[in-house]
Amino acid sequence: MTMIQHLNSLDEIVDKALTLDTATSHEVYYPDGEASRFHVIKNDVSKKEVCTISKRYSILQHKDALNLVLSGIQAIGITGGGIMRNYGDTIVAEMYFDNLTVRDHTQDGHINVGMRFTNSFNKSLGFSGSAFLWRQVCQNGMLANKLLPNAPSMSFKHMGNVIERIGDSVKEFVQGLVTVESSLLEIINESTQQVIKFENDENQLKFIIEQVGSERKAKQFIDIEPVELTMDKWSLYNVLTHFASHEDLSYPQYEKIHENAQKLLINPIKLN
């Protein structure tokens, strides 16, 4: 089960750093006792093997990644809050900044601009950072790695001086966030003018299955979220992100729904 923690300040995120899982590298041996050139990463809490690595791999502990990013953000004078999604081997920290907001005219509120980063002991994921948006009215998280083409991003493998490289990139990343306002407003305006009409409930269910990944999850979605047969793109996008933001989903499920929600806004919709 995912541990989801809503935090009112960035300082609270720092306080949670020591509660996160850690990992260590262990040698791998052949049946004859000879040491392999590979090592294996093990989660110290679950005791499970995460992945096989080469000797070049440098573990970036969750707490170090978290403290590194937050110290860079706070050094610039930014305040805010966030959500911590703890999947064990992988953590996702979604931070929204008080200093950066965009007017959300659709619900008479604001959207906070911020940063989302992922750190994983799995070498296929590593460390990555992307723009994150937070709708104040409905408490929805909005991923923006595909939504806003001009939004900053960063990605590093756990190799070499990864801590130094991340530290150098945080200030540049935050400075790049100020460029996203016009793009976001344009997307909101366009999507509120585009209406999606489902022929019937069956057609709607088929579409939602494509967004959330399974019929079971789609029926759960419909039971929870107010979905009409006729909706504008922005409203449909927000019920998808509301579901992803507030339900206890696995890391792949959470990513899939948010990725599909972004595609919904920026691509033409074809209903069969």
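All residue numbers refer to positions counted from 1 along the written sequence of the respective chain. Totals for whole chains, interfaces and linings use all residues, but because this is a predicted model, local features are given only for residues with pLDDT of at least 70 and pairs of side-chain atoms are given and counted only at 80 or more. Working from all heavy atoms in the structure, the side-chain values ignore hydrogens and water.

**Q** Just to check I follow, could you spell out the packing of helix α5 (residues 201-212) against helix α8 (residues 251-266) for this structure?
**A** The relative placement of two packed helices comes down to the angle between their axes together with the axis-to-axis distance. Inter-axis angles, ranging from 0 to 180 degrees, are taken between N-to-C directions of lines fitted to C-alpha atoms, where helices are fitted over the stretch in contact. Secondary structure follows DSSP: runs of H or I at least 4 residues long count as helices, runs of E at least 2 residues long count as strands, and numbering of each begins at the N terminus. Put simply, α5 and α8 touch, their axes get as near as 7 Å, and they point 120° apart. As far as their axial angle goes, α8 and α5 are oblique. Residues F207, E210, Q211 and V212 of α5 lie in contact with α8, whose contacting residues are K256, I257, N260 and L264. Under the scheme applied, nonpolar residues are Ala, Val, Leu, Ile, Met, Phe, Trp, Tyr, Cys and Pro; charged residues are Asp, Glu, Lys and Arg; polar residues are all the others, including Gly. Residues that form the contact of α5 with α8 fall into these classes: 4 nonpolar, 2 polar and 2 charged. When an angle is under 35 degrees it counts as roughly parallel; over 145 it counts as roughly antiparallel; between 65 and 115 it counts as roughly perpendicular; any other value is oblique. In this description, contact between two residues means that some pair of their heavy atoms is separated by no more than 4.5 Å.

**Q** Before we go on, may I ask you to explain empty space enclosed by the protein in this structure?
**A** Grid points spaced at 1 Å and placed over the protein atoms alone form the basis of the search, with a cavity being a set where a 1.4 Å probe fits but cannot get out and a pocket an open set showing protein on both sides within 12 Å along at least five of seven lines. Lining residues have an atom within 4 Å of a point. Grid points are joined across faces, edges and corners, and a volume is the space filled by probe spheres set on the points. By the definition in use, this model includes 1 cavity of 30 Å³ or more. Taken together, H6, I83, R85, E94, W134, Q139, G141, S245 and H246 make up the lining of the largest cavity. Those elements giving two or more residues to the lining of the largest cavity turn out to be β5 (80-86) and α7 (233-246). Partitioning the lining of the largest cavity into residue classes produces 2 nonpolar, 5 polar and 2 charged.

**Q** Help me out: how do you make sense of the pairing of strand β2 (residues 23-29) in this one?
**A** Where a strand is regular, its side chains alternate between the two sheet faces. Relative to strand β3 (residues 35-43), β2 runs antiparallel, the two being bridged by 6 bridges. Across the sheet, residue A23 finds its bridge partner in β3, namely N43. Between β2 and the antiparallel strand that follows it, β3, lie 5 residues; G33 among them carries a positive phi value of about 95°. Two strands pair if DSSP finds at least two bridges between them.

**Q** Got a minute to help me understand the environment of N43 in this structure?
**A** Among the secondary structure elements, N43 is positioned in strand β3. In this scheme, a residue with accessible area under 20% of its type's maximum is buried, one over 50% is exposed, and one in between is partly exposed, where area comes from a 1.4 Å probe on protein chains only. We classify N43 as buried; its relative accessible area is 2%. In the structure, N43 is positioned 21 residues away from T22 in sequence and 6.1 Å away in space, judged by C-alpha atoms. The residues touching N43, leaving out its near neighbours within four places in the chain, are D21, T22, A23, K48, V50, G88, D89 and F121. Throughout this description, a polar contact denotes any pair of N or O atoms lying within 3.5 Å of each other; where both atoms belong to protein, one of them has to be capable of donating a hydrogen while the other can accept it, and for residues adjacent in sequence the pair is counted only when both atoms sit in side chains. Polar contacts involving the side chain of N43 include one to the main-chain amide nitrogen of S46, which spans 3.0 Å.

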